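The lines below spell out each chain.
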Amino acid sequence: MRIGVPTEIKVREYRVGLTPASVGELVLAGHEVAVESGAGEGIGCSDEDYVSAGAVIVPTAQDVFDFAEMIVKVKEPQPSETAMLKPHHTLFTYLHLAPDPVQAEGLRQSGCTAIAYETVTDNEGRLPLLTPMSQVAGRMSVSVAAHCLQKSQGGRGLMLGGVPGVLPAKVVIIGGGVAGSHAAEMAIGARADVTVFDRSAKRLSELDAQFAGAVKTAYSTQVALDQAVLQADVVIGAVLIPGAAAPKLVTRDMLKEMKDGAVLVDIAIDQGGCFETSKATTHNDPTFIIDGVVHYCVANMPGAYSRTSAFALNNATLPFALAIANKGTRAALNADPHLARGLNVAGGEICCEPVARDLKMPYVKPEWLTSI
């Protein structure tokens, strides 16, 4: 199979779809790989590194798309990229389509087959291709919250862990999954006062055992969550419904009652955000303030730690990319129901039920898809 890797063009996105090591594995398996010149610079990998791994370097994204049968990226295609997709293309990347009807329509019109990292599953029902970036975003959320709490950033002027004789910041984490647990780990390490909310009693018990009681756990009723948010110095939104838009758990009205200079960090922003006032921001301009509350809503948080993130992501995605390349897209999807759950768009139709429901578009299962 011919595989293409374009340079990511989303604002301040430094990751790359394939590292040189991943390219080497694909080439060893008998495939051809074309990489856009400079695609790996953001993770410290030169064109020469890719050539040494067996790739061909091409000058433009158009050259990549013209060459490739499968396009491997990190972030969702931007409009100029969607315009280059054709029916013969397989796109393998993060899509986050539920809150993005414009992208969904562009992919539909292209006729391509689009497989989303974030809806691929494993035997335990987890999301293995989302996990590494959730780990990065969860850990990063605490460091950005600490920065946003600085008075110069509009925050309360409060140190997360306090100092002897001064109470630490109250950190509320909504969602006890991968991102939430990694946020809790970092916040505890910073000596903050940490409470994690979740709707799974089993998960709360696991977190209590994992952190040996160092984190408070609370079942997420709306009343309990509302009370905690109003007392919080930092609220980290780490809610995930696979494929679907995130629920709005902190309303605009609640902001008026929150502490002046409190901080909201919305890890769920790729799926539309779990705060009513969230809107996607970039690393160029990461925050905004509403009713005295600082919002951090960067839609590609892990891109800030591009090398760590790209290598972690490739560790997870490479086996699936190899399967698609070795077997062909349809055969690979039919051989693996977990990969098949990553299918979001094919033949001009939306093929993921949660995405179709949130976009208010028809869900169509391809006739050729037999694995699910």
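Notes on the structure follow.

## Considering the sheet that holds strand S4 (residues 70-72)
With mixed pairing, 8 strands are arranged side by side in an open sheet as S3-S2-S1-S4-S5-S6-S14-S15. The outermost strands of the open sheet, each flanked by one partner alone, are strand S3 (56-58) and strand S15 (349-350). Bridging between strand S2 (residues 32-36) and S3 involves 3 bridges; their strand directions are parallel. Bridge pairing in S3 links Val-35 to Ile-57. Helix H11 (residues 306-327) contacts strand S1 (2-5), S4, strand S5 (90-93) and strand S6 (113-116) of the sheet and is inclined by roughly 170° relative to S5.

## Focus on the sheet that holds strand S10 (residues 234-237)
On the basis of which strands lie adjacent, the open sheet formed by 7 strands has the order S9-S8-S7-S10-S11-S13-S12 and mixed pairing. Of all strands in the sheet, those with a lone pairing partner are strand S9 (216-219) and strand S12 (287-290), marking the two edges. The mean inter-strand angle of the sheet, taken between neighbouring strand axes irrespective of direction, is 20°. In this structure, S10 lies alongside strand S11 (residues 263-266), joined through 4 bridges in parallel fashion. Each bridged residue has a counterpart across the sheet, and for Val-234 the counterpart in S11 is Val-263. Where helix H6 (residues 131-148) meets the sheet, it contacts S10, S11, S12 and strand S13 (293-296), and its direction lies at approximately 150° from that of S11.

## Here's the deal with the pairing of S11
Where burial is concerned, the two faces of S11 agree: the one with Val-263 and Val-265 and the one with Leu-264 and Asp-266 are both buried. Pairing analysis gives 3 bridges linking S11 to S13, with the strands arranged parallel. The partner of Val-263 across the bridge, within S13, is Val-294.

## Points about the nonpolar core
The biggest cluster of nonpolar side chains holds 44 residues, and the ones touching the most others in it are Val-33, Phe-92 and Leu-339. Per-element accounting of this core gives the leading share, 9 residues, to H11. The contacts of Val-33, once residues within four sequence positions are left out, are Ile-3, Val-5, Leu-18, Val-23, Leu-26, Val-27, Ala-55, Val-56 and Phe-67. One finds Ala-137, Val-144, Ile-173 and Val-263 within the second-largest nonpolar core, a separate group that totals 31 residues.

## Points about the pairing of S6
Put simply, side chains in a regular strand alternate between the two faces of the sheet. Here S6 shows two buried faces, one formed by Thr-113 and Ile-115 and the other by Ala-114 and Ala-116. One crossover worth recording links S5 to the parallel S6 by way of helix H5 (residues 101-110), and it is right-handed. Bridge count between S6 and strand S14 (residues 343-346): 2 bridges; the pairing is antiparallel. Within S14, the position partnered with Ala-114 by the bridge is Val-345.

## A short note on the environment of Val-27
By the element assignment, Val-27 lies in helix H1 (residues 20-28). Among the residues examined, Val-27 registers a relative accessible area of 26% and is labelled partly exposed. In the structure, Val-27 is positioned 25 residues away from Arg-2 in sequence and 10.0 Å away in space, judged by C-alpha atoms. Those residues in contact with Val-27, other than ones at most four positions away along the chain, are Val-33, Ala-53 and Gly-54.

Rules behind the numbers
Residues numbered from 1 in each chain as written. Predicted model: local features only at pLDDT ≥ 70, side-chain atom pairs only at ≥ 80, totals over all residues. Heavy atoms only, no water. Pairing = 2+ DSSP bridges. Helix = DSSP H or I, 4+ residues; strand = E, 2+ residues; numbered from the N terminus. Contact = heavy atoms within 4.5 Å. Axes fitted to C-alpha atoms, helices over the stretch in contact; angles between N-to-C directions. Buried < 20%, exposed > 50% of the residue type's maximum accessible area, 1.4 Å probe, protein only. Core = buried A, V, L, I, M, F, W, Y, C linked by side-chain atoms within 4.5 Å. Right-handed = clockwise from strand over helix to strand, strands pointing away.

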